[in-house]
Structures are given as C-alpha cells and as structure tokens.
Amino acid sequence: MKKEDITGYFCGAVGESVRKISDAFFEDIQEIRLRVNRPAAATMKNTIRYITNGGQLTYDPDTAVIVSEQDLRRCFESVCQYSVHSFQNEIVGGFITIRGGHRVGICGTSVIRGDTIENVKNISSLNFRIAREVTGCAGDICNRIFSDGLHNVLIAGAPSSGKTTILRDMARILGKQFRAAVIDERGELAAVLNGIPQNNIGINTDVFDGYDKPRGIITALRVMSPQIIICDEIGSEEDFSAIRSASNSGVCVAASVHAASVDELKRKGIDTDIFDKIVLLSGCGSPGQIVKIPEV
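Attention here is on the structure that accompanies the text. Just so you know, these numbers come straight off a predicted model, no measurement behind them.

## Topic: unusual backbone geometry
Piece 1. Its identity as a non-glycine residue notwithstanding, asparagine 122 has a phi of 50°, on the positive side.
Piece 2. Its place among the elements puts asparagine 122 in strand 7 (residues 116-129).
Piece 3. Asparagine 122 gets classed as exposed once you look at its relative accessible area, which sits at 56%.
Piece 4. Phi angles above zero are rare outside glycine, and serine 225 is one such case at about 40°.
Piece 5. Mapped onto the fold, serine 225 is located in the loop between helix 8 (213-223) and strand 13 (228-231).

Structure representation (structure tokens):
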C-alpha cells in the first residue's frame, strides 16, 4: 500500500493533518472518517482515534482537527476526479473505488424517485476504507482444498474475519493455473479503476466488475468459459440458483458468506449442499486462520 494513494485525496486543513500522520501509524489505520463540522477520526485495530492538526492520533476529540464543509466538499470532488456527474452510478451505490483499491463510502441525503435512489446530495460524511492485500494468506487453504483439483468451496466467517481477503488471494493463486472469473459486484475483490484491477487477482483471471452475482455468474459461463468462478457475500436464492447452474455446467465456485459456524449457516438457510468444502474463519483481523474444513 502506498500512503500517497490515499492522502492525495484529502484537502485543506484535514489534508495537511492526514499527510502528517507518521508512516508507522498509518500502517495500522483501517479507516479514516470525515464528518462535516466534527473531528476527523481514524479506526486503528478496531478502536477510534482522532487526528490532530499535527497529525497525531489521540483518544481526545477536543484536540482533533474539525472537518469543515468546504474541506469535505473539496475532498469529495477530488475522489470524483473533479467530475461528480461521471460518478453518479457509484455515488448512488454508496462508494467510489480509488487508486490502490481503496474505497470511499459516501453518506448524504438521498434523492428518490419511486423505489429508486437517483442521486445523493448534501454529502455529510466520507469514509476512506483502506484496502490491504495479504499476499499468501490463502496459501494453506488452497493447498489443502485444491491439491487434487478444483472444488466448490464456501468461505464462512463473522464480519472482519478476513473472508474477502482470503477470496482475493485465492483468485491470485488459482488464477496462475486455471481460467478464473471474479464477479466483483461491489469492487472489493479486484478493485477495478478505469478498467484496470488495482489488486493482484491472477494473470488468468477475468473480472466482471459491477455485475450482480447471478447475472455475472451466468454471463461468465456464457462468454469466458471459466474453470472456477469467485464471488463475495452470497445469500439470496438467485445467488444459489446461479451457483447451481455453474456447478451443473462443470464449473466450480468459490464464494463467501457471513456466518461464524455451521449452525449459523443452517439457521440462515444457506444451501451448503452445493459446496464440497466449507472453510470457517475465526477471529477479527486474522485472515487465513482455519477452524476446520468439515465434510459436507
């Protein structure tokens, strides 16, 4: 991760403060949140710190730099490459992917017509979610599951247990040997920017960026003849129907789901019969830790 990939988007007094944060501290930052007329905040190891004018990180919000309306607006325009109208789809979707694969969450007032959000105005908060690739974190899982060929695999875990990080590295590893397709509905796996993946997702991996999972899976089957399809956060019946179609076509699927145990998978009605293996991750911030791989 390059610090400059993130700090260059910050403007005004807030920008000066963020750029003063030491490299050592910046390595531990997970998020930087800007809220109009409130202290600039950073999340570090799941705790909230506040950013001072001198770039220090403190627990005292009274010593933090205050985010002005002008600074937030300029920061938002910078994220939009000074062409806000060009990013309307991303703004309505709630986030914009920036260089380096980082994501900026957007909070404001929705403009709704019928049942559809057409725009978001009066932007009041921005959340810079700092993406970090953990190269090699899926190595043990891949060695244990795919040593005898491809299989359908479900990566399950609680929030922040590393599911997306594992899938991203799995794409990198499998994409060296097999034709892989990543269905990147929310840009968290490949982090495509201007058509170019910002993350290393494998030299033989094709990315369906912005496709919903059912449509992306079916499209991949029709046009790219993948050997394995990788997607994040499945849950709907449409998702499982598309995965069944892939499996019936002889194409394997690696996917993730929010569930901390097999019992939780059952309570949520997750169709585990599709999958040959289930990987359970445990513990926040510990991507790659395997609790068990039960037979299903």
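## Considerations on the sheet that holds strand 6 (residues 103-113)
Each strand in a sheet pairs with its neighbour through backbone hydrogen bonds, running either in the same direction (parallel) or in the opposite one (antiparallel).
Piece 1. Spatially, the seven strands line up as an open sheet ordered 4-3-2-1-7-6-5, and their pairing is antiparallel. For this open sheet the edge positions go to strand 4 (57-58) and strand 5 (95-97), each flanked by a neighbour on one side alone.
Piece 2. Judged from the two bridges that link them, strand 3 (residues 47-51) and strand 4 form a sheet pairing that is antiparallel. Bridged to isoleucine 51 within strand 4 is leucine 57.
Piece 3. Contacting strand 1 (29-35), strand 5, strand 6 and strand 7, helix 4 (residues 69-79) crosses the sheet at an angle of about 105° to strand 7.

## Looking at the packing of helix 8 against helix 9 (residues 237-248)
When two helices pack together, you describe them by how their axes are tilted relative to each other and by the distance separating the axes.
Piece 1. The contact between helix 8 and helix 9 brings their axes to 8 Å, and the two run at 15°. What the angle tells us is that helix 8 and helix 9 run roughly parallel. For the crossing formed where helix 8 meets helix 9, the hand is left-handed. Taken together, the residues of helix 9 that come into contact with helix 8 (itself represented by Lys213, Pro214, Ile217, Ile218 and Leu221) are Glu238, Asp239, Ala242, Ile243, Ser245 and Ala246.
Piece 2. In the contact of helix 8 with helix 9, the residues fall into seven nonpolar, one polar and three charged.

## Looking at the nonpolar core
Piece 1. Phe10, Ile29, Ile32, Leu34, Leu126 and Phe128 are the most contacted members of the largest nonpolar core, which totals 33 residues.
Piece 2. For this core, the elements supplying multiple residues, two or more each, are helix 2 (12-19), strand 1, strand 2 (41-44), helix 4, strand 6 and strand 7.
Piece 3. Among residues more than four places away in sequence, those in contact with phenylalanine 128 are Ile6, Tyr9, Phe10, Gln30, Glu31, Ile32, Leu34, Cys75, Val79, Ile98, Arg103 and Val104.
Piece 4. Formed by 27 residues, the second largest nonpolar core is a distinct cluster that contains Cys142, Phe146, Ile166 and Cys252.

## Examining the packing of aromatic side chains
Piece 1. One pass over the full model with this rule turns up two aromatic pairs.
Piece 2. Where phenylalanine 208 meets tyrosine 211, the ring centres are 5.3 Å apart and the plane angle is 85°; that geometry is what we call edge-to-face.
Piece 3. Of the residues examined, tyrosine 211 reaches a relative accessible area of 32% and is grouped as partly exposed.
Piece 4. A cation over a ring is seen here: arginine 103 above phenylalanine 95, with NZ or CZ 3.7 Å from the ring centre.

## Looking at the sheet that holds strand 12 (residues 205-209)
Piece 1. Strand order across the open sheet formed by six strands is 12-9-13-14-8-15, with parallel pairing between neighbours. The sheet is open, and its two borders are formed by strand 12 and strand 15 (277-280), each paired with just one other strand. On average, adjacent strands in this sheet sit at an angle of 20° to one another, irrespective of strand direction.
Piece 2. Where strand 9 (residues 180-184) meets strand 12, five bridges bridge the pair, whose relative direction is parallel. Bridge pairing links alanine 181 to aspartate 206 in strand 12.

So, how was this worked out
- Residues numbered from 1 in each chain as written.
- Predicted model: local features only at pLDDT ≥ 70, side-chain atom pairs only at ≥ 80, totals over all residues.
- Heavy atoms only, no water.
- Helix = DSSP H or I, 4+ residues; strand = E, 2+ residues; numbered from the N terminus.
- Buried < 20%, exposed > 50% of the residue type's maximum accessible area, 1.4 Å probe, protein only.
- Pairing = 2+ DSSP bridges.
- Contact = heavy atoms within 4.5 Å.
- Axes fitted to C-alpha atoms, helices over the stretch in contact; angles between N-to-C directions.
- Parallel < 35°, antiparallel > 145°, perpendicular 65-115°, else oblique.
- Left-handed = near helix turned anticlockwise from the far one by under 90°.
- Nonpolar A, V, L, I, M, F, W, Y, C, P; charged D, E, K, R; others polar.
- Core = buried A, V, L, I, M, F, W, Y, C linked by side-chain atoms within 4.5 Å.
- Phe/Tyr/Trp six-rings, centres within 6.5 Å; stacked < 30°, edge-to-face > 60°.
- Lys NZ or Arg CZ within 6 Å of the ring centre and 35° of its normal.

Distances and angles like these do not, on their own, reveal function.
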